[in-house]
Amino acid sequence: MLSRMNRADVRTELSGVPGSGEIQHVLWTAADKLRGSMDIARYKEFLLGLVFLKYLSDAFDERRAKLDEELAEEGMNAAQRAVFLEDKDEYIGYGACWVPESARWNAIAARTGSEDIGRYLDDAIDAVMRENPPLAGVLPKIYGQEDIGWRRLAELVALMDDARFTGPGGRPARDVLSAVYADFLDRFSRAEGKRGGDFHPPGSVARLLVEMLEPYAGRIYDPVCGTAGLLVRAGNFAAGRETTAHTYGLALHGQERDERTWRLARMNLALHGVEGDLAWGDSLGEDRYPGLEADFVLSIPPFNLKEWPRNPEDPRWRFGVPPQANANFAWLQHIIAKLGDKGTAGVVLAGASVTRGRGREDEIRRALVEEDLVACMVALPPLLFRGTGVPVYLWLLDKDKSSRGTKNLEDRRGRILFIDAGAMGETAGRGERILSDGDLAKIVGTYRAWRGTASAGGKRYKNVAGFCFSADVADVRREGHVLSPNRYIAEVGVESAAERIGRLTKELDGLFGLADDLTEAVRAQLRRVDG
């Protein structure tokens with residue numbers, strides 16, 4: 001049995017911790033000690049699954065307490081209220097799921113002294129998913145497996161049984177546990193380094209994409225959604241700007257190829273109160289939304305993906321068949337194929353996508369420019385993505401760069417905005433940078449002014465030496481359809497010696513990254529020949 005001393009130790013870890021931010025740190029530290037030899041990807045599912053189950057139970061308890069109060073105000077006695085308190089319909093449709101008695105957290109916490117707590121948890125999860133069909137397949141049933149020590153599991157349950165995870169100070173459970181869940185996703189992403197960036201986008205990059213596209217309403221799609229970080233950000237963006245100036249009604253769609261990550265994504269949407277449709281599968285190999293015409297696409301595909309399911313006959317390759325050695329232009333063309341007639345997309349790709357010297361990729365990039373699909377290119381600072389120093393760029397694509405009638409935007413047909421944000425960002429820890437609020441406001445404000453959106457507040461766009469330049473497609477044509485902002489922004493004004501050195505250093509870093517990519521591609525081909 002879990003001894004009193006063990007549970008007391010757990011409580012000691014949490015004693016004297018005043019706020020939710022601090023308690024997240026303490027819970028993470030304590031939980032990490034209990035991880036043992038478990039693979040971090042599996043532990044991620046293990047821990048976040050427990051957080052989600054706790055959320056479901058707490059949200060149920062909150063609804064139950066409110067319902068009891070309402071029934072009492074109507075004059076019902078305890079026996080009469082008990083009937084309604086066990087009525088499933090009184091929960092579903094009121095922001096809560098129906099949680100069977102055996103799956104409620106107090107019942108689970110009461111089993112911390114029992115060696116069968118893992119099996120009990122799996123049975124509880126089964127019961128919750130059976131009673132709530134939308135949750136089918138979401139929660140992991142892994143707690144009863146033999147290699148998971150019951151003591152470790154019991155101590156985690158005891159940690160989460162602390163009152164501060166149950167709406168301290170009147171805060172709803174959703175607020176508390178969605179913050180814990182988001183914080184843990186960020187910590188897992190940091191712990192997994194480069195792989196972590198594939199499933200959870202850095203917060204400042206996600207914010208940049210959403211605030212440039214401004215997805216107030218319509219169909220939003222992410223073909224490689226990871227834990228749905230961009231979709232959650234988009235859903236919250238629209239909800240936070242609900243005014244009479246906008247119409248609402250978002251339909252969120254995402255696809256994720258890793259099954260574990262797909263389950264985490266579904267939990268993430270539910271915890272943040274965002275409704276969405278998420279499919280499991282590889283978008284490049286098995287498109288699960290073949291007829292979708294999205295109003296917005298937000299995406300951060302894996303950088304320079306070398307192994308992907310390539311079919312040369314795929315109708316999505318309208319601008320040219322992408323090479324097997326790099327999926328960058330496969331992602332771009334898949335996203336363009338998903339855009340409606342007036343759709344816009346924000347896509348972050350590695351620097352190899354903007355420079356020339358890659359044969360087939362050069363031809364595809366040329367075709368995208370000549371088709372007038374590219375609206376804006378932003379060079380981003382290095383080290384925004386953990387574990388990789390590869391130069392990255394934000395591509396903003398727009399199927400309709402006209403004034404769009406009553407929207408009265410600036411007509412930008414035949415023009416491309418280049419922004420160099422490569423020197424922006426601030427240190428946020430070892431080997432990691434983030435875009436500050438000021439950086440985001442400057443980049444987003446510049447794009448909105450260039451496009452003439454209502455959110456620009458009447459600000460007029462102008463070229464700024466060393467930062468932004470609005471180029472004609474003819475300018476880009478003369479430069480061989482290269483889309484590196486430095487190529488164009490350098491022409492504005494006269495650079496100082498320091499600015500020139502900084503620009504050349506960044507270009508050199510980009511070329512080093514490109515050289516590394518090419519070296520690896522050659523080695524991969526040689527290994528195939530040798531094998």
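Everything quoted here is computed from the prediction, not taken from an experiment.

### Quick notes on the overall build of the protein
Now for step 1: Across its full length, the protein holds 18 helices and eleven strands.
Now for step 2: When burial is assessed residue by residue, the protein has 53% of its 531 residues classed as buried.
Now for step 3: By sequence separation, contacts in the protein at least 24 residues apart represent 72% of the contacts at least 6 residues apart.

### Here we look at the environment of D341
Now for step 1: Relative to the elements of secondary structure, D341 occurs in strand β5 (residues 339–350).
Now for step 2: Remark: the alpha-carbon pair of D341 and D295, spanning 46 residues in sequence, is separated by 8.3 Å.
Now for step 3: Not counting the four nearest positions on each side in its chain, D341 is found in contact with K399 and D400.

### Describing the packing of aromatic side chains
Now for step 1: This model, assessed by the stated rule, comprises 15 aromatic pairs.
Now for step 2: When the ring of F60 is compared with that of Y91, the centres are 4.5 Å apart and the planes differ by 15°; the resulting orientation is stacked. Of this pair, F60 sits in helix α3 (residues 40–73) while Y91 sits in the loop between α4 (78–85) and α5 (105–109), and the two are 31 residues apart along the sequence. For the pair formed by F60 and Y91, the shared burial category is buried.
Now for step 3: Between Y447 and W450, the aromatic rings sit 6.1 Å apart at their centres with planes inclined by 35°, giving tilted as the arrangement. With Y447 and W450 both in helix α15 (residues 437–451) and three residues apart, this pair spans about one turn of that helix. In this pair, the class of Y447 matches that of W450, namely buried.

### Things to note about the sheet that holds strand β3 (residues 277–280)
Now for step 1: The mixed open sheet is built from nine strands, whose spatial order is β3-β2-β1-β4-β5-β7-β6-β8-β11. Of all the strands in the sheet, the pair left with one neighbour each is β3 and β11 (468–472). Between one strand axis and the next, the sheet turns by 15° as a mean value, whatever way the strands run.
Now for step 2: Across five bridges, the pairing between strand β6 (residues 374–379) and strand β7 (residues 392–398) is antiparallel. Its bridge partner lying in β7, C376 is registered against L396.
Now for step 3: Each of β1 (218–222), β4 (294–299), β5 and β7 is contacted by helix α13 (residues 328–338), which is oriented at about 160° to β5, the strand it contacts most.

### Notes on unusual backbone geometry
Now for step 1: Its identity as a non-glycine residue notwithstanding, A228 has a phi of 70°, on the positive side.
Now for step 2: Among the secondary structure elements, A228 is positioned in the loop between β1 and α11 (229–240).

### Re the nonpolar core
Now for step 1: Core analysis: the biggest nonpolar cluster contains 58 residues, and F46, L47, F52, F184 and F188 have the highest contact counts within it.
Now for step 2: Where this core is concerned, the elements lending two or more residues are α2 (20–33), α3, α5, α6 (117–131), α7 (150–160), α8 (173–191) and α12 (259–271).
Now for step 3: Setting aside chain neighbours within four positions, we find F46 in contact with M38, I142, Y143, I148, L153 and L156.
Now for step 4: Ranked by size, the runner-up nonpolar core spans 51 residues in total, among them V210, M212, L298 and I443.

### Considering the pairing of β6
Side-chain direction in a regular strand flips from residue to residue, so the side chains alternate between the two faces of the sheet.
Now for step 1: Of all six residues making up β6, six are buried, and the element is well covered by its neighbours.
Now for step 2: By the bridge criterion, four bridges tie β6 to strand β8 (residues 415–420) in an arrangement that is parallel. Bridged to A379 within β8 is D420.

### Quick notes on α6
Now for step 1: Between its first and last C-alpha, α6 extends 21 Å over 15 residues, near the 21 Å set by a 1.5 Å rise per residue.
Now for step 2: For α6, the elements touching its buried residues are α3, α5 and α7.

Rules and cut-offs
Residues numbered from 1 in each chain as written. Predicted model: local features only at pLDDT ≥ 70, side-chain atom pairs only at ≥ 80, totals over all residues. Heavy atoms only, no water. Helix = DSSP H or I, 4+ residues; strand = E, 2+ residues; numbered from the N terminus. Buried < 20%, exposed > 50% of the residue type's maximum accessible area, 1.4 Å probe, protein only. Contact = heavy atoms within 4.5 Å. Phe/Tyr/Trp six-rings, centres within 6.5 Å; stacked < 30°, edge-to-face > 60°. Pairing = 2+ DSSP bridges. Axes fitted to C-alpha atoms, helices over the stretch in contact; angles between N-to-C directions. Core = buried A, V, L, I, M, F, W, Y, C linked by side-chain atoms within 4.5 Å. Expected span 1.5 Å × (residues − 1).

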